[in-house]
Amino acid sequence: MSAPNLSRSHPTFFTLVGIPGMEKCHTWISIPVCMMYSAALLGNSVLLVTIVKERSLHEPMYIFLGMLAVCDLLLSTATVPKTLSILWSLSTQISFSGCLAQMFSIYFIFVAESAILLAMAFDRYIAICDPLRYTAVLTRSVVGKVGVAALIRSFCIMFPAIFLLKRLPYCGHNVMPHTYCEHIGVARLACADISVNIWYGVAAGFLSAGLDAISIAISYVLIFRCLWGLPSPRASPKALHTCGSHLCVIAMFYTPAFFSFLGHRFGQHVPQHVLIFLANLYVVVPPMLNPIIYGVRTRQIREHVAHLLRLGGRGWQGMAGQAGTGNQDGLPARGAKRSFEKREMNERQLGPGKHGPDGNVFKISVFDGHRHPTHSSVAERLDRFPDVLMGNNPLGP
């Protein structure tokens, strides 16, 4: 008896129907989706260009932030354009291969972004609990290896899902109640047992985002434990401020993703349109809000974005002049640029870890321009180097 031809059991295309039961509202739903996608494209692009162009932002914290912006751009672009075409009834069909490619792209980027959030938590742990070893631990080489490792892990975890879906017979079922291709949504169209797919999805989710979330929680427990024993009243608020942006991004990223993940697998009594709403939230809301959160709460990014925007305005005007409280060149951020250049010059002159006449190790303070000896206690180190807490590491590369 000949083996069945599995290629014939695969549908030529899938039909995505959007949000079932809300077809009449698709046009209205598309308006906020389109606005959030546009905001995500603009915000992450501006953030990425700012980090690339400004040398003072070429530090681990901001490099990780740039990686996060790239992931947000790719994640939203992999899903939202097709979602909008479905909501606008322009194209509701997607090929079988295209569906698998979209599914792989979504989960690949999601797992990679989760790893980057974990790396950012480790960055904050080193910056707050052991700031004097910050540049020794998080070198540019280490940051690059972390990015490569995140991609390799993501690929290894999600690549088997393609073959798990291709092995299933679908018996002509090709209508999917969703706005994009999701692993368990495609598997449920099969006319065969999908227990392997369900448990593989659970294992993959736990080994990636699950372990990452646990590791992030442990890192913040250690950070708060470190801050709890500080005698200085100034250090804790600064540290909490710099961690606040990261905690907000983590909450927005993991909360809808975990609810969607668990609901699709174990929430048989949850309305389907609620599950689809959750599935769309974690691919469009975090990419929109991440650059806003970091732009509003991080002074260095605010200053450099304003500087780039003013340069762009000067380019359109074609002339320099008095503008508000700016100087004659229209560059109110020049003082900040000079401070960065002065910092780099001082570090080159003194060099990291140079010894003074009394044997103490000195570092440059960007606030008073003087050399200060390092201190053994965590409290003294945090008071002496407040910029480390605020994401502007004075000991940066």
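Every value quoted in this text rests on a predicted model; they were computed, and no experiment measured them.

Criteria and cut-off values
Residues numbered from 1 in each chain as written. Predicted model: local features only at pLDDT ≥ 70, side-chain atom pairs only at ≥ 80, totals over all residues. Heavy atoms only, no water. Helix = DSSP H or I, 4+ residues; strand = E, 2+ residues; numbered from the N terminus. Contact = heavy atoms within 4.5 Å. Areas by Shrake-Rupley, 256 points an atom, 1.4 Å probe, with all protein chains shown as cover. Buried < 20%, exposed > 50% of the residue type's maximum accessible area, 1.4 Å probe, protein only. Lys, Arg positive; Asp, Glu negative; His and termini not counted. Salt bridge = Lys/Arg side-chain N within 4 Å of Asp/Glu carboxyl O. pLDDT = per-residue confidence, 0-100. Pairing = 2+ DSSP bridges. UniProt positions renumbered as here; feature names shortened; annotations may be inferred. Patch = residues over 30% accessible without salt bridge, like charges linked within 9 Å, V, L, I, M, F, W, Y side chains within 5 Å. 1 Å grid on protein atoms, 1.4 Å probe; cavity = no way out; pocket = protein on both sides within 12 Å on 5 of 7 lines; lining within 4 Å. Points joined across faces, edges and corners; volume = space filled by probe spheres on them. Nonpolar A, V, L, I, M, F, W, Y, C, P; charged D, E, K, R; others polar. Phe/Tyr/Trp six-rings, centres within 6.5 Å; stacked < 30°, edge-to-face > 60°.

> When you look at the overall build of the protein chain in this model, what are you seeing that I'm missing?
Across its full length, the protein chain holds 14 helices and five strands. Taking the intrachain contacts of the protein chain between residues at least 6 apart in sequence as the baseline, contacts between residues at least 24 apart amount to 75%. Carbon and sulfur atoms provide 67% of the accessible area of the protein chain, an area that totals close to 19200 Å².

> Please clarify how the side chain of Lys82 should be interpreted in this entry.
You can see Lys82 is positioned in helix α3 (residues 60-87). For the buried Lys82, no salt bridge is present, and the opposite-charge side chain at shortest range is Glu23, 16 Å distant.

> Please explain the confidence of the model for the protein chain as it appears in this structure.
Low-pLDDT stretches of the model should not have their predicted coordinates read in fine detail. Scored by pLDDT, the protein chain has a mean of 78; 73% of the residues are at 70 or more. Counted against residues more than four places away or in other chains, residues 319-336, with its pLDDT under 50, gives 22 contacts. Segment residues 350-397 is flagged for pLDDT under 50; beyond a separation of four residues in sequence, or across chains, it makes 120 contacts in the model.

> Just checking my understanding: could you explain the pairing of strand β1 (residues 13-16) for this structure?
Every other side chain in a regular strand lies on the same face of the sheet, so the side chains alternate between the two faces. Strand direction decides the pairing type here: β1 and strand β2 (residues 93-95), joined by three bridges, are antiparallel. Looking across to β2, one finds that Thr15 is bridged to Gln93. Pairing between β1 and strand β3 (residues 175-176): two bridges, direction parallel. By the bridge assignment for β3, Thr15 is matched with Val175.

> I'm lost on unusual backbone geometry in this one. Help?
Residues other than glycine predominantly adopt negative phi, and peptide bonds predominantly adopt the trans conformation. Positive phi outside glycine occurs at Ser89, with the angle close to 60°. Among the secondary structure elements, Ser89 is positioned in the loop between α3 and β2. With phi around 50°, Cys171 is a residue other than glycine that occupies positive phi space. With respect to the element layout, Cys171 can be found in the loop between α6 (140-166) and β3. For Cys171, a relative accessible area of 49% translates into the label partly exposed.

> Is there a simple way to explain the UniProt feature "transmembrane region" (unreviewed entry) in the protein chain in this structure?
Feature annotation in UniProt assigns "transmembrane region" (unreviewed entry) to the following positions: residues 28-49, 61-80, 100-122, 142-165, 198-227, 239-262 and 274-294. Annotation note: span residues 100-122, helix share 100%, strand share 0%, distance between end C-alpha atoms 33 Å.

> How should a nonpolar patch on the surface be read in this particular structure?
Together, Phe206, Leu207, Leu211, Ile214, Ile218 and Leu222 make up a nonpolar patch on the protein surface, roughly 520 Å² of accessible area in all. Here Ile218 is to be found in helix α8 (residues 195-228). For Ile218, a relative accessible area of 48% puts it in the partly exposed group.

> Explain empty space enclosed by the protein here, please?
Following the criterion strictly, the structure yields two cavities of 30 Å³ or more and no others. Here the largest cavity defines a volume of roughly 60 Å³. Only α4 (96-129) and α9 (235-266) provide two or more residues apiece to the lining of the largest cavity. Sorting elements by how many residues they give to the lining of the largest cavity places α4 first, with three residues. A per-class count over the lining of the largest cavity returns three nonpolar, two polar and two charged.

> Got a minute to help me understand the layout of surface pockets in this structure?
In this approach the atoms are scanned with a rolling probe the size of a water molecule, which exposes any empty space left behind. In this structure, the largest pocket occupies an estimated 360 Å³ of space. What lines the largest pocket is a set of 22 residues, among which Tyr107, Phe110, Gly201, Gly205 and Phe261 lie closest to the centre. Elements represented by at least two residues in the lining of the largest pocket include exactly α4, α6, α8 and α9. It is α8 that contributes the most residues to the lining of the largest pocket, eight residues altogether. Looking at the lining of the largest pocket residue by residue, the classes come out as 15 nonpolar, five polar and two charged.

> Explanation requested: the packing of aromatic side chains in the structure shown.
The relative placement of two aromatic rings is captured by the distance of their centres and the angle of their planes. Across all of its chains, the model carries 13 aromatic pairs by this definition. Judged by centre distance (4.7 Å) and plane angle (15°), the rings of Phe110 and Phe253 are stacked. Of this pair, Phe110 sits in helix α4 while Phe253 is found in helix α9, placing the two residues 143 residues apart along the sequence. For the pair formed by Phe110 and Phe253, the shared burial category is buried. Both rings, one in Phe110 and one in Tyr282, keep their centres 5.5 Å apart while their planes meet at 65°; by these two values the pair is edge-to-face. A residue pair is termed long-range when its members are at least 10 positions apart, and Phe110 in helix α4 and Tyr282 in helix α10 (residues 272-297) qualify at 172 residues. Pairwise contacts between aromatic rings join Phe104, Phe108, Phe155, Phe159 and Phe163 into one cluster.

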